[in-house]
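Report on the structure
These are the residues of each chain, in order.
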Amino acid sequence: MISSPLFVLASLVVSLHTLGLVILIFTNLILLILAFMLFFMLWKGTHEKNHDRYRLISGLLIRRAVFYDDQIDPETGIPGTKKATRLMVNKVFRKLFTEELISAKKNIAGMAAENLKYLYHQLKLESFALKKLNSAHWHTKAKAIQELTLMDMRELKDDLFVYTNDKNEYVRMEAQVAVVQFNGFEGLRFLDSITYAISEWQQIKLLHKLSNLPPAHIDISGWLKSPNTSVVVFALKLARNYHGFEMHDVILTCLDHPDPQVRLQAIHCLGEIYNDETSVHLISRFWRDDVRHQLAIIKALQNIGSEKDNIFLSTLLGNDDYDLKLNAARALASSGLKGFALLVEYNDADLVLNDIITQVRGELAA
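Here the structure is a predicted model, which is why all the values come from computation and not from measurement.

Of regular secondary structure, the chain possesses 18 helices and 0 strands. Against the 2.2 N^0.38 benchmark of 21 Å for 366 residues, the chain shows a C-alpha radius of gyration of 35 Å, more extended than a compact globule. Seen through its C-alpha atoms, the chain measures out along the principal axes to roughly 120 × 85 × 40 Å. The buried share among the 366 residues of the chain stands at 42%. Within the chain, residue pairs in contact and separated by at least 24 positions form 67% of the contacts whose partners lie at least 6 positions apart. Summed over all atoms, the accessible surface of the chain reaches about 21400 Å², with 60% contributed by carbon and sulfur. Seen as two clouds, the 40 positive and the 41 negative side-chain charges of the chain have centres 13 Å apart.

Structural data, given as structure tokens:
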């Protein structure tokens, strides 16, 4: 049996040894942290210094291009680009310079914008953007297409066209906007082949792009028969916006389309593209559809209807739906004096209808 003093002494030695190990480990850990902090500070200082230098070089070159008013020599291009050309292999510099260039291009126009486009091409930045199109990441592709569009690289429109039917929504949205910006109405040829739906927001963007262009004659008859219902809807919006009266008969066929959104858009379209028989076709389909489509038909009749439609409209004055009643009354009042007289003479104990007639009178008097 070990005596008590020896046991205490052994325990003390072990404790001191363990404490020494802990102190050694702790000291080494502190030294390691201090070394890491020193390395990080040195790296950060160097990085910030390089970043400031890159930004200075970028700013000077972009300003030179913006204010360069001499004829650009195709052999030499915009002068003073040697340093930037050498730095293009540096990914950090290239990214910063491209972002600065795009930012400047967004805010200027005219010759200065053309000079920035030339500088972009001179430094072969489009080649780096094209490489990004092979990326497995959709956001990299979309950003590359957006970059080429903003820098007006219309000579690459064929390279971008293949992405108008990309499986990723954001990639194809950017590609579709690009080809329309570069080719105008001709750029809409992607509608011939796309299999994915065009979102409502994308349709708005495309129509906005086209609104900045002079009107052009385009044959949309094929798109009105597309198996892609979103293409049919978009084609109807084009016909409506650009008054495609020659498409009237084809648009009529869309009233019998299986997709309710197509039927609704066709009704809106026929409210502006019509002939003497359009109202007959709309009325013949009135009871086949839901209230939303019925309401759209009545609003269309308010614009295109005539006295021959008064009997039909008067039958709706007794309908239980308030909106149908109100809009039928408006359509009757808009059809002419006989329609208004028919509305005023309508004999019904319905107090709601009497209020509607009073409202319509006020609208006409306003």
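The next subject is the packing of aromatic side chains. Here the structure, examined in full by the defined rule, presents 6 aromatic pairs. Residues Phe93 and Phe97 carry aromatic rings whose centres are separated by 5.8 Å and whose planes lie at 25 degrees to one another, so their mutual orientation is stacked. Linking Phe93 with Phe97, this pair stays in helix α3 (residues 91-106), spanning 4 residues, or about one helical turn. Side by side, Phe93 and Phe97 carry an identical accessibility label, which is buried. Relative to Tyr170, the ring of Trp138 lies with its centre 5.1 Å away and its plane at 25 degrees, an arrangement referred to as stacked.

We now examine the environment of Leu264. Within the secondary structure, Leu264 sits in helix α12 (residues 260-270). Apart from residues no more than four positions distant in its own chain, Leu264 is found in contact with Arg292, His293 and Ala296.

Attention shifts here to the side chain of Arg263. When you line up the elements, Arg263 lands in helix α12. From its side chain, Arg263 meets the backbone oxygen of Pro258 in a polar contact 3.1 Å long. In this structure, Arg263 is in contact with Cys254, Leu255, His257, Pro258, Asp289 and His293, ignoring residues within four places of it in sequence.

What follows concerns the environment of Arg55. As for its position among the elements, Arg55 is in helix α1 (residues 4-66). With 42 residues separating them along the chain, Arg55 and Phe97 place their C-alpha atoms 7.4 Å apart. Discounting residues that sit within four places of it in the chain, Arg55 has contacts with Leu96 and Glu100.

Membership of the largest hydrophobic core comes to 63 residues, with the highest contact counts inside it found for Leu188 and Ile251. Tallying contributions element by element places helix α10 (residues 229-241) first for this core, with 8 residues. Contact partners of Leu188, with chain neighbours within four places excluded, come to Val180, Leu210, Ile218, Trp223, Phe234 and Leu238. The next biggest cluster of nonpolar side chains, apart from the first, holds 36 residues, and it includes Leu87, Ile102, Ala104 and Ala142.

On the surface, a cluster of positive charge is contributed by Arg53, Lys82, Lys83 and Arg86. For the positive patch, the element with the highest residue contribution is helix α2 (residues 82-87), accounting for 3 residues.

The next thing to look at is the confidence of the model for the chain. Chain-level pLDDT for the chain is 88 on average; 90% of the residues reach the 70-or-more range. For the chain, the element scoring lowest by mean pLDDT is α1, at 73; α12 scores highest, at 97.

Its 13 residues place the ends of α10 19 Å apart at the C-alpha level, agreeing with the 18 Å of an ideal helix rising 1.5 Å per residue. Among all positions of α10, only Ser230, Val231, Val232, Val233, Phe234, Ala235, Leu236, Lys237, Leu238 and Ala239 are buried. Elements that come into contact with the buried residues of α10 comprise α9 (200-211), α11 (248-253) and α12. Just downstream of α10 lies His243, where phi reads positive at about 50 degrees.

Conventions used here
Residues numbered from 1 in each chain as written. Predicted model: local features only at pLDDT ≥ 70, side-chain atom pairs only at ≥ 80, totals over all residues. Heavy atoms only, no water. Helix = DSSP H or I, 4+ residues; strand = E, 2+ residues; numbered from the N terminus. Rg over C-alpha atoms; globule rule 2.2 N^0.38 Å. Buried < 20%, exposed > 50% of the residue type's maximum accessible area, 1.4 Å probe, protein only. Contact = heavy atoms within 4.5 Å. Areas by Shrake-Rupley, 256 points an atom, 1.4 Å probe, with all protein chains shown as cover. Lys, Arg positive; Asp, Glu negative; His and termini not counted. Charge placed at Lys NZ, Arg CZ, Asp CG, Glu CD. Phe/Tyr/Trp six-rings, centres within 6.5 Å; stacked < 30°, edge-to-face > 60°. Polar contact = N/O pair within 3.5 Å; in protein donor to acceptor, adjacent residues only side chain to side chain. Core = buried A, V, L, I, M, F, W, Y, C linked by side-chain atoms within 4.5 Å. Patch = residues over 30% accessible without salt bridge, like charges linked within 9 Å, V, L, I, M, F, W, Y side chains within 5 Å. Salt bridge = Lys/Arg side-chain N within 4 Å of Asp/Glu carboxyl O. pLDDT = per-residue confidence, 0-100. Expected span 1.5 Å × (residues − 1).

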